[in-house]
Amino acid sequence: MKVLLVEDEVLTREGLLMSIPWEALGIGEVFTAENGEDGLELALSKEPDIVMTDVRMPRMDGITMAFEIRKKNKKCRFIFVSGFCDKEYLKSAIQLSAVNYIEKPIEVEEVITALKRAIKLLVEQRRQEEIEAEYRKQFHGLLEDVPEDDLVPADWQPSMHQADKIERFIQDNLGNSDLSLTMLEDHFDLSKQYMCWLFKREKKMTINQCIIQRRISWAKEFMRRNPGVRIKDVAERAGFSDSNYFIKIFKKTENMTPAEYMHGAAKQ
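Structural notes, computed from the coordinates. (Residues numbered from 1 in each chain as written. Predicted model: local features only at pLDDT ≥ 70, side-chain atom pairs only at ≥ 80, totals over all residues. Heavy atoms only, no water.)

Overview of the packing of helix α6 (residues 160–172) against helix α7 (residues 181–188)
Packed helices, taken two at a time, are described by the angle their axes make and the gap between the axes. Relative orientation of the contacting elements α6 and α7 amounts to 125°, with a least axis distance of 11 Å. Considered as vectors, α6 and α7 are oriented oblique to each other. Remark: the crossing between α6 and α7 carries right-handed chirality. On α7, the residues that touch Q162, K165, I166, F169 and I170 of α6 are M183, L184, H187 and F188. In the contact of α6 with α7, the residues fall into six nonpolar, two polar and one charged. (Axes fitted to C-alpha atoms, helices over the stretch in contact; angles between N-to-C directions. Helix = DSSP H or I, 4+ residues; strand = E, 2+ residues; numbered from the N terminus. Parallel < 35°, antiparallel > 145°, perpendicular 65-115°, else oblique. Left-handed = near helix turned anticlockwise from the far one by under 90°. Contact = heavy atoms within 4.5 Å. Nonpolar A, V, L, I, M, F, W, Y, C, P; charged D, E, K, R; others polar.)

Some points on the pairing of strand β1 (residues 2–6)
Taking burial as the measure, the five residues of β1 include four buried ones, the bulk of the element. As defined by bridge partners, β1 adjoins strand β2 (residues 29–33) across five bridges and the pair is classed as parallel. Within the sheet, the bridge partner assigned to L5 lies in β2 and is T32. Read as a crossover between parallel neighbours, the route from β1 over helix α1 (residues 10–19) to β2 is right-handed. (Buried < 20%, exposed > 50% of the residue type's maximum accessible area, 1.4 Å probe, protein only. Pairing = 2+ DSSP bridges. Right-handed = clockwise from strand over helix to strand, strands pointing away.)

Concerning the side chain of D49
Summarising the element assignment, D49 is placed in the loop between α2 (36–46) and β3 (50–54). Among the polar contacts listed, one links the side chain of D49 to the backbone nitrogen of K2, at a separation of 2.7 Å. Those residues within four positions of D49 in sequence are excluded, and the remaining contacts are M1, K2, K75, C76, R77, L122 and R126. (Polar contact = N/O pair within 3.5 Å; in protein donor to acceptor, adjacent residues only side chain to side chain.)

As for the nonpolar core
In terms of nonpolar packing, the biggest core is built from 22 residues, with I166, I170, L184 and I207 touching the most fellow members. Broken down by secondary-structure element, the contributors of at least two residues to this core are α6, α7, α8 (192–203) and α9 (207–225). Excluding anything up to four places from it in sequence, L184 contacts I166, F169, I170, D189, M195 and I207. (Core = buried A, V, L, I, M, F, W, Y, C linked by side-chain atoms within 4.5 Å.)

Rendered as structure tokens:
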């Protein structure tokens, strides 16, 4: 993990560098900058996983810097620090999905807690990406392109009702190995990009993640009720045409193989 620390107060910056157990947290590199402009330049060249920044700084404030970083680095996590409780800054932090908004004077334990949470979110995000990458090897038409909220066309409107309908269709067609964005696009007569944006906005997960979660959840329940079933049959019923892919995705999701899951379920 790489962290960028942007803080204009020398004592605060040096104090954090000395007091945070970076290596113990799994953070191998820490870069520092004393203002937003230098911080932005470093962020674009070093591509940090986490940016911890003061809000009010000379030359460029931390919020403006963070929005500029977000344009190039969609996965970066932000932790904001401020000596002022400013509602407008808080609103911007929420927009950027900030991990935390820490008020000065800084408590080291609060910073450590925020870093741990950011790392946990990043690890989970990467795990989900690995699962989806594995999933796309088997199921064509499932590559998602989810635009950022500030880049969507003006006529795109959120709709929980439509997202619910998409979710129900997925649930009703889990066993169909042809279930894909193309199938959803044809059924609902909506563009793939709009569906992906709408679903993620309303359900807080991608369509891929929903399909994977529902299929794995169904497979777990089916194996629990049928402890002697063949893995190949479970995979086929859950919509996986290749049992090897099913085993890979199940293991990445549950940290155990389907056979190990069945063995554990049989003991209960």
